[in-house]
Amino acid sequence: MWKKLSERIAYKGWRQIKVKQFELPDGKIAEFDILSSRSFVTVAAFTTGGELILIRQYRPGPERELLSFCEGAIDPGETPVQSAHRELLEETGYATEELIFLKKRYSAYTDQEQFFFLALNCRYQQAPEPDAGEFLSVELSPESHFRAMLRDADNDLFNNIDAAYLALDFISGRTTPPSKP
């Protein structure tokens, strides 16, 4: 049985790093660095014509532009569903009435929750209004091109592979989502 002994903030910036100390099942003591940030949503979105709505954005970690679905932090007092609708409109300019919860996920070394959504029949509403410091462009991709990109082992531009497979599995009729986030 793991027993948490302590927790402290080691770094506080745009994100923070917590150091958590545990007594392990074998009695030894170990510390783990945990990325701490607000929980967030990832929205795999399709237009009324079936094209995927993608974001192209420079990412400082890999120091290059990557493609992704829209995603963003859940604001205080906001539900994951509200956040998904807001992020979709802010980052892409598209809106939907068909938002489907797919899954919630945890990662090993973060305290964030990630909520995956599928947005179908999205319609363009307005120019994107990204947050300060977000410099992005919106791209539409036919599903066949998108699937080919996912299968291409040499194509490392897309970073939401987990959300992509959840969404594609659902629209192919192979799964039914949980009832709520």
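In the block above lies the structure referred to throughout.
Residues numbered from 1 in each chain as written. Predicted model: local features only at pLDDT ≥ 70, side-chain atom pairs only at ≥ 80, totals over all residues. Heavy atoms only, no water.

Quick rundown of the overall build of the chain? Include the residues and the values.
Per the secondary structure count, the chain includes three helices and eleven strands. Start at the N end of the chain and walk to the C end: the helices and strands fall as β-β-β-β-β-β-β-α-β-β-β-β-α-α. Its C-alpha atoms put the chain at 55 × 40 × 40 Å along the principal axes. For the chain, with 181 residues in total, the buried portion stands at 39%. If you sum the accessible surface of the chain, you get close to 10600 Å²; carbon and sulfur atoms cover 51% of it. (Helix = DSSP H or I, 4+ residues; strand = E, 2+ residues; numbered from the N terminus. Buried < 20%, exposed > 50% of the residue type's maximum accessible area, 1.4 Å probe, protein only. Areas by Shrake-Rupley, 256 points an atom, 1.4 Å probe, with all protein chains shown as cover.)

So, the pattern of salt bridges: which residues are in play, and what are the values?
Tallied over the full model, the rule gives 14 salt bridges. The residue Asp111 makes a salt bridge to Lys18 at a minimum N-O spacing of 3.2 Å. Taken together, the positions of Asp111 in the loop between strand S9 (98–106) and strand S10 (113–124) and Lys18 in strand S2 (residues 16–23) put the pair 93 residues apart, joining distant regions of the chain. (Salt bridge = Lys/Arg side-chain N within 4 Å of Asp/Glu carboxyl O.)

Before we move on, can you summarise the packing of aromatic side chains with the specific residues and values?
A full pass over the atoms with the stated rule returns nine aromatic pairs. Look at Phe101 and Phe117: their rings are 5.7 Å apart centre to centre, the planes differ by 65°, and that puts the pair in the edge-to-face class. Of the two residues, Phe101 sits in strand S9 while Phe117 sits in strand S10, which places them 16 residues apart along the sequence. For the residue pair Phe101 and Phe117, the accessibility class agrees, reading buried in each case. Ring pairing ties together the aromatic residues Trp2, Phe22, Phe32 and Tyr109, which thus form one cluster. (Phe/Tyr/Trp six-rings, centres within 6.5 Å; stacked < 30°, edge-to-face > 60°.)

Describe in detail the side chain of Glu90, supporting the description with residues and values.
Within the secondary structure, Glu90 is located in helix H1 (residues 80–92). Overall, Glu90 belongs to the buried group, its relative accessible area being 18%. Contact partners of Glu90, with chain neighbours within four places excluded, come to Pro128, Glu129, Pro130 and Asp131. (Contact = heavy atoms within 4.5 Å.)

So what's going on with the sheet that holds S2? Which residues, and what values?
Read across the sheet, three strands follow the order S1-S2-S3 without closing on themselves; strand pairing throughout is antiparallel. Strands at the two margins of the open sheet, each flanked by one partner only, are strand S1 (3–12) and strand S3 (29–36). Within the sheet, the average angular offset between the axes of one strand and its neighbour, ignoring direction, is 25°. Summarising the sheet, S1 and S2 pair through eight bridges and their orientation is antiparallel. Paired with Ser6 across the strands is Gln21, a residue of S2. (Pairing = 2+ DSSP bridges. Axes fitted to C-alpha atoms, helices over the stretch in contact; angles between N-to-C directions.)

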